[in-house]
Amino acid sequence: MSDYATTPDSLGSAVSSHASLRPLGGVLNLILVLIAAQACWYFVFSPEGVLRLYTPNVGVAFVITVLMVIHWGVDVFDYWPFRRSWLDSASSPSRGLVLLVAYILTGWLIMFVFYYRLLGMYGPLFFSGPGLLSGGGLGQYPQTATENACFAQVMMNTSIIFFTMLWITVLGFKPWEGLSRFAKGLGVFFAGLLLAVLAFCVLFFPHIAYQFYPAQIFMAAEPWWIDQAMTMSSQFHFGWIVPALVLLYWTRLLWEGRPWSLIPSAGLRAVVMVLAVLAAGYLIMLGSNALMDWWWDLEAFMGGATLENPAWRWNHVAEMAMFCQVAALVLAGYFGNWPNTASVGLNALVRTVIAVAGGLGLCWLYYELGPVLLGTVPGVGQEGDTSLAWTVMLLILLYAHQNLFRGWPFQKR
Amino acid sequence: MERRNFLKGLGAGLAGVSAAGIVGPLAKSAGAADKQEIGECKSVTVHCISETSWFDSPQMLKDIKDAGGAMVSMYDIPWTQSNIGGYVALIELEQLDGSKKLIQLDSGWNQDWTDYVMEKSGLGKQLEEKKIDLLVISHEHEDHYWGLKSTLKRYPGIPMVVPNTFYPEGKALLQGKYKNDYSHVENDVPHTGELIELGPDDLYNPYPGMAIKMFDIPIMLKCRGEQNLFFKVKDKGVVAVTGCCHQGVLTMMHWARRNIAGFKPYGLYGGLHIAAFENWDPKFDDIIRGVKQMGLEKIGCNHCTGWIWASKARAQGLPIVLGTEKYRDYEKLPTTGQGAPENVYLRNGDVIMFG
C-alpha cells in the first residue's frame, strides 16, 4: 500500500501478478460473480425481490456508500482495524465474507444512521428523508423526501470517492507515509473529506438549494453552470467527475502508472496528473455528448426530456464510464490483464481499447437483457432511472471478489 | 430516421423491414427534411371530464413506496381504492367546413369514479349513442387506461388508437380477459371495434388538422410508450393535447416543430408530467425557461403537471389558463391546491378552447 502513489517505482502493475493465472479459472470465477450479481440484484434491488431498493435512488445511494467504504477500508486504511496476521492467514472465503459484511454494515450505518439520524436531523436536513419530512411543506412526502435525500448522499459520496482516490493516486500517503497504517489512512481520509466537502459546496450545493419551492436563494448561488450545461441540475458534474475517477482507477489498473510515471519530478507529476485528469474528464463528457447527438440523431436542449434531457445526458456519460470500468476490472481480474508485453505503452493502449469496447458491449447487453434479467423497462432514458445501480453493484462484487476473497475459488493466490 | 435505426436497418439487409410502408392516414413519420402535412382545423375544444387520477398525492406516493418504488410494475401494486379516480378528456374537433368530430382521450381508472364523471359530463350518454368517433389511449398507466370497462360497456365497438407497446396485461385488458384482484383492475367486456396500434415511426392523421404521434419511451411503474394528439388550428398554430406527457412537453413540441409542416407553437392541454407529486427539482426550472423560449400562447394544464410547477410557471409569465370553481361540485375533491390564491389547473368540469 505504501507504493500506491503514481511514481516511477510503481510501474509494476498492481494486477500484473494475475497474468500468470490460468484463463479457465478466470472465466469460471467470472461466471460465479455474474451469478452472485444476479442473486444480489434480486435480493437488494429487484422490484420483485426482497429489499426492493431500486426506487431507484435509495439503492443507488446504498451501493455508492458501500463502494466508498470499501475504498476507505482497502485503499485508505489498508484493512485497518483487521490484524495483518489474520488477513494473511485466514482462508479466502472467511476473510472475504468477514470483510465484505463489515464494509456493507459500515455503509448501512453511514447511510441510515449517520446521514439519516445524525447529520440529517441535526444539521443539513437534505441528507435525511426523515429530516426533510420533519419540516413538512408541499412536496415533502416520504417517497420524494427519501429520493431527494438519497440523491444528496450520492452527490456527497461521489465527491468523497473522487477526491480520496485523487489524493491517493497522485500523492499516495504523502505526507504521512512514515506513520502506522491507521494514522496515514486517517491523513488521507481527512484530506479527501476536506476536498470533497469544498467541492460539494460549489458543485452540488446550488442544486440542493434550488430543489425546493421556493428556491432557497440565501443558501447557495443559482446553479452557475446552467449556460454550458443547459440544465440547473448538478447531474452535469457527474458527467465529468465519474469519467475522471475512472481515469484514476485505470492509472493503476490498466496503465501501470503511465503516462504520469514518465514525469520524473514528483511535484510536477502531481500537478500535471490533477490538471490532466480533470481536463480529460471534462473532454470525455463533451465528446460523449457529441457522440450521443450522432447516435440518436438528436441534440439535448434546455427542458428536453428523455434522450433530449441534458441532465440525463450528463448522467449517462457517468453511466457509460462505469460500464467501461466494469469491463476494465473484468479484464484485469479475470483475463490476466491481457496483453502483458514488454511495452507498457502498448499494454496500456490495448487494455484501454478493450475496456472501452467492453464497456460499450456491456452497455448494449444491459439495455437488451435488462428487461428480462433485471426487470427494467425496455428503452434508454427513463425518467429517474439509472444503470448505476447495477454497474456499481457489480463493481463492488468484482472488486470484493478479487481483493477481499482473493479470487476464491478458481483463482488461487 | 434515428441513426441507430439506420444502422440496424443496414444490418437487416436490403429486404429492409423499414421499407414496409403503411398507406392511408397512417403514415411513417417524416425525416427532418420532409415534414408531414396534417391539414388544418377551425378549432379545438377540450372538456376536462376528470383530471383527478388520485385525490391525495401523499397516499398515491405511499402506495408506490410501500410496493417498492417507481420501478415496480403498476400491476403489482395494491392501490388504495378510496384514493383513485382517473383521467379522461373529451375533445371537440371543429373542421374547416363546420363539421365536428368527438375524440375521447383515455379511459380513467376507478370504475365507479369513471362512471360517475361520464354520467355527470354527458360523455356516458354520448358513448351509448355511439357519438364518440375515436378513443385514444395515451399510455398504459393505470390512471389513463384501467377504467376501460366504463367505456366499453357503453360502446364496445368504439374505434381505438393505442401505443403498440402494451404489456401482455394491457392487451388482455383490451380483450376483456384480465382480472387482477391485487391491484384491483379488471375488464370482461372485449373491445370489438377497429384497433390501431401506433409505433414510434407512425403518424396517424385520422382527420384533417389532427394527428397522433407515439413516442417509444420507458416510463415509471413499468410502462412503455406514450402518444399525444396534435391539432393544427388555422391561423393560430399547433396545439398539443396530452395524457401524461412522459415524453416531455418540450421534446413533444420540438418533435412537432421538426416534423409537422407549417408548425407554429400555439397551445397545450393536459398533464405535462413535470412536478407530478409536488416535489421540486432544478430540472423543472429548465422546463419553465424552455417553454418561455418556445413562445406558446395558451397553456391549460392539470393532473400530473404539478400544481407547484403551474404556479411557478405562471408567476414567471407563462400563459397558464386559470380554472373555474366547477370542480367543487364533484363528489370528491383533490387535496392539492386547496387554499391557493388562484386555481392554476383546469380541473374537473373545466373547458378550454383553442381557435
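Counting restarts for each chain: residues are numbered from 1 in the order of the written sequence. Following the order in which they are written, the chains are lettered starting with A and the ligands numbered starting with 1. Given that the model is predicted, a residue must reach a pLDDT of at least 70 before its local features are reported, and side-chain atom pairs must reach 80 or more before they are shown or counted; all residues, however, enter totals for whole chains, interfaces and linings.

Enquirer: Just to check I follow, could you spell out the overall build of chain A for this structure?
Expert: In this description a helix means any DSSP run of H or I spanning at least four residues, a strand means any run of E spanning at least two, and both kinds are numbered starting from the N terminus. Of regular secondary structure, chain A possesses 14 helices and 0 strands. Ordered by position from N to C terminus, the α and β elements of chain A give α-α-α-α-α-α-α-α-α-α-α-α-α-α. Seen along its three principal axes, the alpha-carbon backbone of chain A occupies a region of about 60 × 50 × 50 Å. Sorting the 413 residues of chain A into buried and exposed places 53% on the buried side. Burial is judged by counting other C-beta atoms within 10 Å of a residue's own C-beta: 20 or more means buried, 12 or fewer means exposed, and anything between counts as partly exposed, with every C-beta placed from the backbone.

Enquirer: Please explain the overall build of chain B as it appears in this structure.
Expert: Helix and strand counts for chain B come out as 10 helices and 16 strands. The reference for a compact globule is 2.2 Å times residues^0.38; the radius of gyration itself is calculated from the C-alpha atoms. Here chain B has a C-alpha radius of gyration of 19 Å; the compact-globule value for 355 residues is 20 Å, and the two agree. In terms of overall dimensions, chain B has C-alpha extents of about 55 × 50 × 45 Å along its principal axes. Looking at chain B residue by residue over its 355 residues, the buried ones come to 55%. We call two residues in contact when their backbone-placed C-beta atoms lie within 7 Å. Of the contacts made within chain B by residues no fewer than 6 positions apart, 73% connect residues no fewer than 24 positions apart.

Enquirer: Help me out: how do you make sense of the interface of chain A and chain B in this one?
Expert: Many authors give the size of an interface as the accessible area that is lost as the parts come together. Each side of the interface is counted separately: chain A has 41 residues, and chain B has 42 residues. Secondary structure elements with two or more residues in the side of chain A that touches chain B: α6 (142-170) and α11 (266-296) of chain A. Examining the composition of the side of chain A that touches chain B, we find that 4 residues originate from one element, α6 of chain A, more than from any other. Residues were grouped as follows: Ala, Val, Leu, Ile, Met, Phe, Trp, Tyr, Cys and Pro as nonpolar; Asp, Glu, Lys and Arg as charged; and all remaining residues, including Gly, as polar. Tallied by class, the residues present in the side of chain A that touches chain B amount to 20 nonpolar, 16 polar and 5 charged.

Enquirer: Explanation requested: the sheet that holds strand β6 (residues 160-163) of chain B in the structure shown.
Expert: Pairing between the strands of a sheet comes from backbone hydrogen bonds, and it takes one of two forms, parallel or antiparallel. All names here are of chain B. If you trace the 7 strands from one edge of the open sheet to the other, you get β9-β6-β5-β4-β3-β2-β16, paired in mixed fashion. The sheet is open, and its two edges are formed by β9 (195-198) and β16 (351-354), each paired on a single side. The mean angle between the axes of side-by-side strands here comes to 20°, regardless of whether they run parallel or antiparallel. DSSP-based pairing: two strands are paired if at least 2 bridges between them are found. When strand β5 (residues 134-136) meets β6, the two strands line up parallel, connected through 2 bridges. Each bridged residue has a counterpart across the sheet, and for Val136 the counterpart in β6 is Val161. Only the stretch in contact is used when a helix axis is fitted, and all axes are lines through C-alpha atoms; the angle between N-to-C directions ranges over 0 to 180 degrees. Here helix α3 (residues 111-121) sits on the sheet and contacts β2 (43-50) and β3 (88-94); the angle it forms with β2, its principal contact strand, is near 135°.

Enquirer: Even after reading the chapter, I still don't get the confidence of the model for chain A, so can you show me in this structure?
Expert: Interpretation of the predicted coordinates at a detailed level should be avoided for regions scoring low in pLDDT. On average, residues of chain A score 93 in pLDDT, and 95% of them are at 70 or above. As a per-residue quantity, pLDDT reports the predictor's confidence and falls between 0 and 100. Here helix α5 (residues 129-135) of chain A is the element of chain A with the lowest mean pLDDT, 89, and helix α7 (residues 181-203) of chain A is the one with the highest, 98.

Enquirer: Could you clarify how one ought to interpret the pairing of strand β4 (residues 100-105) of chain B in this entry?
Expert: Along a regular strand, successive side chains alternate from one face of the sheet to the other. Residue and element names in this part refer to chain B. Where β3 lies against β4, 6 bridges are found, and the strand directions are antiparallel. When the bridges of β4 are listed, Leu90 appears paired with Gln104. Between β3 and the antiparallel strand that follows it, β4, lie 5 residues; Gly98 among them carries a positive phi value of about 95°.

Enquirer: What's the story with α6 of chain A in this structure? I'm lost.
Expert: A turn of α-helix holds 3.6 residues, and therefore any two residues three or four places apart point the same way. All names here are of chain A. Given the number of residues in a helix, its expected span is that number minus one, multiplied by 1.5 Å. Across its 29 residues, α6 extends 42 Å between first and last C-alpha, which sits within 8% of the 42 Å expected from 1.5 Å per residue. Most of α6 is tucked away: 28 of the 29 residues are buried. A positive backbone phi angle near 65° is found at Gly172, which sits one or two residues after α6.

Enquirer: Can you walk me through the environment of Gly304 of chain A in this structure?
Expert: Within the secondary structure, Gly304 of chain A is located in the loop between α11 and α12 (310-334). Given 26 C-beta atoms within a 10 Å radius, Gly304 of chain A is considered buried. As for Gly304 of chain A and Thr231 of chain A, which are separated by 73 residues in sequence, their C-alpha atoms are 9.5 Å apart. Excluding its chain neighbours within four sequence positions, the residues that come into contact with Gly304 of chain A are Asn309 and Pro310 of chain A together with Gly248, Leu250 and Thr251 of chain B.

Enquirer: Can you walk me through the pairing of strand β11 (residues 210-219) of chain B in this structure?
Expert: All names here are of chain B. A large share of β11 lies buried, amounting to 9 of its 10 residues. Pairing of strand β10 (residues 202-207) with β11 involves 3 bridges; the strand directions are antiparallel. Pairing of Tyr207 across the sheet is with Met210, part of β11. Between the antiparallel neighbours β10 and β11 lie 2 residues, among them Gly209 with a positive phi of about 85°.

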